[in-house]
Amino acid sequence: MTHALGQLSAIVATALFIFALYWMNDPKTARRGVFAGVAAMAIAILATWIQPEIIHHGWIVLAIVAGFAVGIPLSRVPLTAVPQRTALSHAFGGLAAALVGTAKYALWLPEGELTAFRTGAIAIEVILGGLTFTGSLMAAGKLQEVVPTRPITYRGQNVINLSLLGIAIVSALYLIVHPERWWLFGIILVLSLVFGVLLILPIGGADMPTVISLLNSYAGLSAVAMGFVLENKVLITAGALDGSSGFILSVIMCRAMNRSFTNVLFGAFGQVQAGAAAGEAKAVKSGTARDAADLLENASSVVVVPGYGMAVAQAQHRVREIYDQLTKRGTDVKFAIHPVAGRMPGHMNVLLAEAEVPYDALVEMDDINRDLPQTDVVVVVGANDVVNPAARHDKSSPIYGMPIIDADRAKACIAIKRSMNPGFAGIDNELYSADNTLMVFGDAKGVLGDIVKSLAGEGHS
Ligand code: NAP
């Protein structure tokens, strides 16, 4: 009976996981997707728990309570910290896989139950779990800036890293033939942990979200191996879905930045380029919120380009108020969404949805770029790299080749940010010194609030 219930739960949970991913494809159904994913995970945990060999271990309740105690506060981080929070979750997933693998090896070794298949699955689980654990911790540390975010490189780095991974794989192959040689297991475990750290060292902070998504994929694959070790079907299917979706997301992000996988993993992107930060200061035209409001009042088409600064300032509600003011006047207002604006995929969509900006006003990069040369005013709200024209023409720029929103091609541009400081890629932006750009310096929330007041007629002197 419990067995049948377990089988049925596995099917229901797997179906829900698949629907969860499908629903998350569209913002209109994304919320339903999240609920389906949570329900699937709850069913999977319960179905595992009620198994006869597990249910009598009452202490598992303690483990579940401990999971809640860590997970609930972790879920309360601000939206800007979600990438590093996600990395921490992957670290825990990797650690769990490596620990389960170690425990199973230690249990099965004296009982002589380590078949070649089991040993192979344990080795894969421990290698992927170990490197995901330390790699994800490093990625979270870089994003939180507790570890230096710049790429740390040295001569022969790739050769050393790949050699370590090679030794771990060869040790795993030996272990399959001689499972009693426990020291081989120790080598595999230590090398995978070291490899995770070394893998992330040469990668710059700007590439971390892509790497996190790749680590998600590794965590999924280690869960598949763990599923084979524990003979747990839900783990196998959920891990496979996790592994493939993480991989697909990394590919999409690489495409959005016009980067290859090898370039992300071995390219040391984000290194300070000689002279880049020390480029000669160019004159910029700056103005007040009133000047910006004047430009907007005379425009019949406006495109807002939100970026990371809008998230930092929590200015999405002010953006919505500007949208309301302008559309009331009959101005056509659209939002240009760059796939990697902000610090995680969908960052801008989430913030604008929170402020209840109508979803059909959001336009993707390729579509909006066709309209921008005919657009009267572009308002860049805390975006920098995603509107940097150097990506189109400066072959020496670290973001060369990344598709951008062509804000510089509009008839006029208002750029709102606090200073001339660079964005995440650490480079200057010629958009700010262009003839048709008006810089309005200040916190995006404050500046936009003043523009709203001016548009509403409260700011007239
Ligand atoms: P960005 O290039 O990081 O620039 C953000 C700008 O916002 C900064 O120049 C900053 O200038 C300004 N800012 C910060 N706080 C502000 C505030 N309170 N008020 C007003 N302005 C503020 O951002 P982006 O254009 O959105 O580009 C995203 C970057 O992240 C890209 O390099 C992208 O490749 C990278 N990335 C993103 C993802 C993703 O999934 N979204 C993944 C991988 C990499 P001031 O300090 O002068 O105010």
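Residues numbered from 1 in each chain as written. Predicted model: local features only at pLDDT ≥ 70, side-chain atom pairs only at ≥ 80, totals over all residues. Heavy atoms only, no water.

Asker: Just to check I follow, could you spell out the overall build of the protein chain for this structure?
Answerer: Tallying secondary structure elements over the protein chain gives 18 helices and six strands in all. Projected onto the principal axes, the alpha-carbon positions of the protein chain cover approximately 85 × 55 × 35 Å. The 461 residues of the protein chain split such that 47% are buried. Long-range contacts, defined here as pairs at least 24 residues apart, represent 77% of the contacts in the protein chain between residues at least 6 apart. Total accessible area computed for the protein chain in this model is approximately 22,100 Å², and 64% of it derives from carbon and sulfur atoms. Counting 32 positive and 35 negative side-chain charges, the protein chain places the averaged centre of each group 1 Å from the other. (Helix = DSSP H or I, 4+ residues; strand = E, 2+ residues; numbered from the N terminus. Buried < 20%, exposed > 50% of the residue type's maximum accessible area, 1.4 Å probe, protein only. Contact = heavy atoms within 4.5 Å. Areas by Shrake-Rupley, 256 points an atom, 1.4 Å probe, with all protein chains shown as cover. Lys, Arg positive; Asp, Glu negative; His and termini not counted. Charge placed at Lys NZ, Arg CZ, Asp CG, Glu CD.)

Asker: How should the packing of aromatic side chains be read in this particular structure?
Answerer: Each aromatic ring pair is characterised by the separation of its centres together with the angle its planes make. Evaluated as defined, the whole model comprises four aromatic pairs. For the ring pair Phe117 and Phe228, a centre distance of 5.9 Å and an interplane angle of 90° mean the geometry is edge-to-face. Within this pair, whereas Phe117 is found in helix α6 (residues 116–143), its partner Phe228 is found in helix α9 (residues 208–230), the two being separated by 111 residues in sequence. Judged by relative accessible area, which is 54%, Phe117 ranks as exposed. For the pair Tyr323 and Phe335, a centre-to-centre distance of 5.8 Å together with 40° between the ring planes defines the contact as tilted. Of the two residues, Tyr323 sits in helix α14 (residues 316–328) while Phe335 sits in strand β2 (residues 332–337), which places them twelve residues apart along the sequence. (Phe/Tyr/Trp six-rings, centres within 6.5 Å; stacked < 30°, edge-to-face > 60°.)

Asker: Hey, could you run me through the packing of helix α5 (residues 82–111) against helix α8 (residues 182–200) in this one?
Answerer: Packed helix pairs are characterised by how far apart their axes lie and by the angle those axes make with each other. It is at 12 Å that the axes of α5 and α8 come closest, and there the two elements cross at 180°. Our classification of the angle between α5 and α8 gives roughly antiparallel. For the pair α5 and α8, the contacting residues are Gly101, Thr102, Tyr105 and Leu109 in the first and Trp182, Phe185 and Leu189 in the second. Residue composition of the contact of α5 with α8, by class: five nonpolar, two polar and no charged. (Axes fitted to C-alpha atoms, helices over the stretch in contact; angles between N-to-C directions. Parallel < 35°, antiparallel > 145°, perpendicular 65-115°, else oblique. Nonpolar A, V, L, I, M, F, W, Y, C, P; charged D, E, K, R; others polar.)

Asker: How should the sheet that holds strand β5 (residues 412–417) be read in this particular structure?
Answerer: Where strands meet in a sheet, backbone hydrogen bonds hold them as pairs that are either parallel or antiparallel. Strand order across the open sheet formed by six strands is β3-β2-β1-β4-β5-β6, with parallel pairing between neighbours. Both edges of this open sheet fall to β3 (362–364) and β6 (437–441), since each of them pairs with a single strand only. With direction set aside, neighbouring strand axes in the sheet form an average angle of 25°. With five bridges connecting them, β5 and β6 associate as parallel partners. Paired with Lys417 across the strands is Phe441, a residue of β6. (Pairing = 2+ DSSP bridges.)

Asker: Please explain the packing of helix α12 (residues 289–297) against helix α18 (residues 444–455) as it appears in this structure.
Answerer: At a minimum axis distance of 8 Å, the contact between α12 and α18 shows a crossing angle of 55°. Taken together, α12 and α18 sit at an angle that is classed as oblique. At the point where α12 passes α18, the crossing takes the right-handed sense. Two secondary-structure elements touch here, α12 through Ala289, Arg290, Ala292, Ala293, Leu296 and Glu297 and α18 through Val447, Asp450, Ile451, Ser454 and Leu455. Looking at the contact of α12 with α18 residue by residue, the class counts come to seven nonpolar, one polar and three charged. (Left-handed = near helix turned anticlockwise from the far one by under 90°.)

Asker: When you look at the confidence of the model for the protein chain in this model, what are you seeing that I'm missing?
Answerer: A low pLDDT score tells you not to read the predicted coordinates there in detail. The predicted model of the protein chain averages 89 in pLDDT, with 95% of residues at 70 or higher. Here residues 272–278 is a poorly scored stretch, pLDDT under 50, and it has six contacts once near neighbours within four places are set aside; other chains count. (pLDDT = per-residue confidence, 0-100.)

Asker: Explain α6 here, please?
Answerer: For the α-helix, the turn length of 3.6 residues means that residues three or four positions removed from each other point alike. Its 28 residues place the ends of α6 40 Å apart at the C-alpha level, agreeing with the 40 Å of an ideal helix rising 1.5 Å per residue. For α6, the tally of buried residues reaches 23 of 28 residues, placing the bulk of the element in the interior. (Expected span 1.5 Å × (residues − 1).)

Asker: What's the story with the pattern of salt bridges in this structure? I'm lost.
Answerer: A side chain of one charge can pair with a side chain of the opposite charge when the charged atoms of the two come close. In this structure the tally under the stated criterion is 13 salt bridges. Arg118 is the partner of Glu113 in a salt bridge, and the nearest nitrogen-oxygen pair spans 3.3 Å. Residue Glu113 is classed as partly exposed on the basis of its relative accessible area, which comes to 34%. Here Arg118 ties to Glu231 by a salt bridge, and the two come within 3.9 Å at their closest N and O atoms. (Salt bridge = Lys/Arg side-chain N within 4 Å of Asp/Glu carboxyl O.)

Asker: Could you clarify how one ought to interpret α5 in this entry?
Answerer: Its 30 residues give α5 an end-to-end C-alpha distance of 44 Å, which sits within 8% of 44 Å, the value for a rise of 1.5 Å per residue. Looking at α5, one finds that the buried residues are Pro83, Gln84, Ala87, His90, Ala91, Gly94, Ala97, Ala98, Gly101, Tyr105 and Trp108. Buried residues belonging to α5 abut α6, α7 (157–177), α8 and α9. Phi for Gly112, located one or two positions after α5, is positive at around 65°.

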